[in-house]
Amino acid sequence: MTEPRRTVIASEVREILNYFGKCPLCGYPARASTYTAQFSDGSTEEQIVATCGLPCGWNGPADLSTMTSNTPVHRTSPKALPPNT
């Protein structure tokens, strides 16, 4: 028996201001954000995604690599995204 498919009902993207990672393709400093998704079954998932600061085109999941502590410092006002429909 298959489980019912869950859908995203809300999502949020928050930039990590103290991220200190580099692009694995070109070595240029990268930016990162925390992507949070809330699903119809009540579960929540969070993922860190980094993007190259140059237009080489790379982006992908990343480990947390911060300059000042092991805690990411997020932008104070998160940018909410509309739910997927």
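Structure's up top.
The following refers to the structure shown. (Residues numbered from 1 in each chain as written. Predicted model: local features only at pLDDT ≥ 70, side-chain atom pairs only at ≥ 80, totals over all residues. Heavy atoms only, no water.)

### Regarding the overall build of the protein
Each helix and strand counted, the protein has zero helices and five strands in total. For the protein, the α and β elements follow one another from N to C terminus as β-β-β-β-β. For the protein, with 85 residues in total, the buried portion stands at 26%. A sequence separation of at least 24 residues applies to 53% of the contacts in the protein between residues at least 6 apart. (Helix = DSSP H or I, 4+ residues; strand = E, 2+ residues; numbered from the N terminus. Buried < 20%, exposed > 50% of the residue type's maximum accessible area, 1.4 Å probe, protein only. Contact = heavy atoms within 4.5 Å.)

### Things to note about the pairing of strand E1 (residues 8-22)
Relative to strand E2 (residues 29-39), E1 runs antiparallel, the two being bridged by ten bridges. From the neighbouring strand, Val13 faces E2, where its bridge partner is Tyr35. Count of turn residues in the E1/E2 antiparallel hairpin: six residues, of which Gly27 carries a positive phi of about 85°. (Pairing = 2+ DSSP bridges.)

### Some details on the pattern of salt bridges
This model, assessed by the stated rule, comprises three salt bridges. One salt bridge in this structure joins Glu12 and Arg14, with 3.3 Å as the shortest N-O distance. When the shortest N-O distance is used, the salt bridge between Arg14 and Glu46 registers 3.6 Å. One end of the pair, Arg14, is in strand E1; the other, Glu46, is in strand E3 (residues 44-52), and 32 residues separate them in sequence. (Salt bridge = Lys/Arg side-chain N within 4 Å of Asp/Glu carboxyl O.)

### Quick notes on the packing of aromatic side chains
Inspection of the entire model under this criterion finds zero aromatic pairs. Note that Arg6 overlies the ring of Phe39, its terminal NZ or CZ placed 3.8 Å from the centroid. (Phe/Tyr/Trp six-rings, centres within 6.5 Å; stacked < 30°, edge-to-face > 60°. Lys NZ or Arg CZ within 6 Å of the ring centre and 35° of its normal.)

### A short note on the nonpolar core
Grouped together as the largest cluster of nonpolar side chains are ten residues: Ile16, Tyr19, Cys23, Ala30, Ala32, Ile48, Ala50, Cys52, Trp58 and Ala62. Secondary structure elements with two or more residues in this core: E1, E2 and E3. Ranked by residues supplied to this core, first place goes to E3 with three residues. Leave out the neighbours within four places in its chain, and Cys23 touches Tyr28, Ala30, Cys52, Cys56 and Trp58. (Core = buried A, V, L, I, M, F, W, Y, C linked by side-chain atoms within 4.5 Å.)

### A word on the state of the cysteines
Applying the stated criterion across every chain, the model contains zero disulfides. Free cysteine: Cys52, not disulfide-bonded; nearest cysteine sulfur from Cys26 at 3.6 Å. With no disulfide of its own, Cys56 lies closest to Cys52 among cysteine sulfurs, the gap being 3.6 Å. (Disulfide = S-S within 2.5 Å.)

### Description of the pairing of E2
Strand direction decides the pairing type here: E2 and E3, joined by nine bridges, are antiparallel. Along E3, the bridge assignment pairs Ser33 with Val49. Where E2 folds back onto E3 in an antiparallel hairpin, the turn is made up of four residues, including Gly42, whose phi is positive at roughly 90°.

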